Amino acid sequence: MLVVRAINANDLNALYSLATQVGTGMTTLKPDMKMMGERLETACASFAETIPPEQRDYMFVMEDTSNGRLAGVCAIKGAVGLTEPFYNYRIGTLVHSSRELNVFTKMDTLYLSNDLTGSSELCSLFLHPDYRQGHNGKLLSKSRFLFIAQFPHLFTQKLIAEMRGFQAEDGSSPFYEGLGRHFFKMDFHHVDDLTALGKKSFIAELMPRQPLYIAYLPQSAQDVVGKVHLSTAPARRLLEQEGMHYEGYVDIFDAGPVLQARVSELRAIRDSELAVVERDTDVAHACAPANPEPTLVSNTTLKDFRMIVTQATPANGKIDLGAVEQKLLHTQPGETVRTLSLNVRKNANV
């Protein structure tokens, strides 16, 4: 079975192995052992609550308990841009008009922005290709929302997620080739690596501060502004189901969209419920619905957060979990868990 759990110090080698499968464009998950080790140390300190909330980086891994293999990883950062600059382009509009010539034009523009500084961030979502089936992607991505619902006081009011931008089949970024290369004079992958290592001062030093007209870019670059990498499209849909949306901010290198939401408006905050674990009984199973909806269930422990997807259905403040499921969650009868339907109900307004 699969369980999403808080990362621990023993996961470094497996995490590195997972990162080698990611490819370019995800700056928060590079296969660099030193960087991985430092981030893992921060994650462990985050769950142990030994560093301030705004400095925390909660990392979660999906473990296949049948073989101990890590199937995926995801994370939530407490706040971005407080110790190093956090840049995005904000898409705006400039109007040019002339009554004499009877000309009125609206031009989309890119403004270099630090508007999202201080927001909590969903990041580092990656599921190994071998496990891209069934409910696995939903379990991994949505685990973070259930964590936020259980511990909302640890996060800021605004939540964001930078989505990987569109790339051509050869791995190049049409947006970067049409804009960034003119200022940085280096390969897209080199810039990507520098950003991953936290070396971001060159952005402020080299990027123009004045608005940039999108219409001046090559058509290939214009066409991908706000578009995601093909492999990222499913992840975007999952985030939008949970209440996140695009408001005109894009990544400065590949123009991938930045999704955002108020934490208070997330589906998990609104719809998740606490339930008490009952003993696994034949009577309870006999009363279970014939076609139960899959349910996300997590424990309520920060240091040892764990989450699974189950066919058990919460009712009247209780949920009947099997012995194996209780073991995966490190919980037992009489203890409290948090539950949320895996799928968004069709009549839900999300």
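Note: the structure precedes this text.
Here is what the cut-offs are and how they apply
Residues numbered from 1 in each chain as written. Predicted model: local features only at pLDDT ≥ 70, side-chain atom pairs only at ≥ 80, totals over all residues. Heavy atoms only, no water. Helix = DSSP H or I, 4+ residues; strand = E, 2+ residues; numbered from the N terminus. Rg over C-alpha atoms; globule rule 2.2 N^0.38 Å. Buried < 20%, exposed > 50% of the residue type's maximum accessible area, 1.4 Å probe, protein only. Contact = heavy atoms within 4.5 Å. Areas by Shrake-Rupley, 256 points an atom, 1.4 Å probe, with all protein chains shown as cover. Lys, Arg positive; Asp, Glu negative; His and termini not counted. Charge placed at Lys NZ, Arg CZ, Asp CG, Glu CD. Core = buried A, V, L, I, M, F, W, Y, C linked by side-chain atoms within 4.5 Å. Polar contact = N/O pair within 3.5 Å; in protein donor to acceptor, adjacent residues only side chain to side chain. Salt bridge = Lys/Arg side-chain N within 4 Å of Asp/Glu carboxyl O. Phe/Tyr/Trp six-rings, centres within 6.5 Å; stacked < 30°, edge-to-face > 60°.

Undergrad: Explanation requested: the overall build of the protein in the structure shown.
TA: For the protein, the count of helices and strands is 11 helices and 15 strands. What you see for the protein is a C-alpha radius of gyration of 22 Å, in line with the 20 Å of a compact globule of 350 residues. Referenced to the eigenvectors of the C-alpha coordinate spread, the extents of the protein come out at roughly 80 × 50 × 40 Å. Burial statistics for the protein: of 350 residues in total, 50% are counted as buried. Of all intrachain contacts in the protein linking residues separated by at least 6 positions in sequence, the fraction that spans at least 24 positions is 71%. A total accessible area of about 16700 Å² is found for the protein, and carbon and sulfur atoms account for 50% of it. Each charge class in the protein can be summarised by its mean position, and for the 35 positive and 40 negative side chains these summaries are 3 Å apart.

Undergrad: Where do I start with the nonpolar core in this structure?
TA: Across soluble globular proteins, you tend to see nonpolar side chains buried next to one another. Counting 57 residues, the largest nonpolar core has Phe60, Leu122, Phe147 and Met244 as the members making the most contacts within it. Top contributing element to this core by residue count: helix H3 (residues 136-150), with 7 residues. Residues in contact with Met244, not counting those within four places in the same chain, are Leu122, Phe145, Leu159, Ile160, Ala161, Leu239, Leu259, Gln260, Ala261 and Leu266. Ranked by size, the runner-up nonpolar core spans 23 residues in total, among them Leu110, Leu212, Val250 and Phe253.

Undergrad: Just checking my understanding: could you explain the side chain of Gln260 for this structure?
TA: Assignment of secondary structure puts Gln260 in strand E10 (residues 257-262). Reaching out from Gln260, the side chain makes a polar contact with the side chain of Lys158 at a distance of 3.3 Å. Discounting chain neighbours no more than four positions away, the residues touching Gln260 are Leu116, Lys158, Leu159, Ile160, Gly243, Met244, His245, Glu247 and Tyr249.

Undergrad: Looking at this structure, I do not really get the pattern of salt bridges. What am I missing?
TA: Opposite charge on two side chains lets them pair, provided their charged atoms get close. Considering all chains together, one arrives at 14 salt bridges under this definition. In this structure, Glu38 engages Lys34 in a salt bridge whose closest nitrogen and oxygen atoms are separated by 2.6 Å. One end of the pair is Glu38 and the other is Lys34, both in helix H2 (residues 33-48) and 4 residues apart, which spans about a single turn. Judged by its relative accessible area of 43%, Glu38 falls in the partly exposed class. The closest approach of N and O atoms between Glu177 and Arg181, which form a salt bridge, is 2.7 Å. Taken together, the positions of Glu177 and Arg181, both in helix H4 (residues 174-184) and 4 residues apart, correspond to about one turn of that helix. On the accessibility criterion, Glu177 (32% relative accessible area) is partly exposed. The partly exposed category is assigned to Arg181, whose relative accessible area is 29%. Through salt bridges with shared partners, a single ionic network connects Arg5, Asp11 and Glu63.

Undergrad: When you look at the packing of aromatic side chains in this model, what are you seeing that I'm missing?
TA: Note on aromatic pairs: each is described by the distance of the centres and the angle between the planes. According to the stated counting rule, one finds 14 aromatic pairs in the structure shown. Seen in terms of ring centroids, Phe47 and Tyr58 are 5.3 Å apart; in terms of plane orientation they differ by 70°. Their pairing is edge-to-face. Of this pair, Phe47 sits in helix H2 while Tyr58 sits in strand E2 (residues 57-64), and the two are 11 residues apart along the sequence. The residues Phe47 and Tyr58 share a single accessibility class, namely buried.

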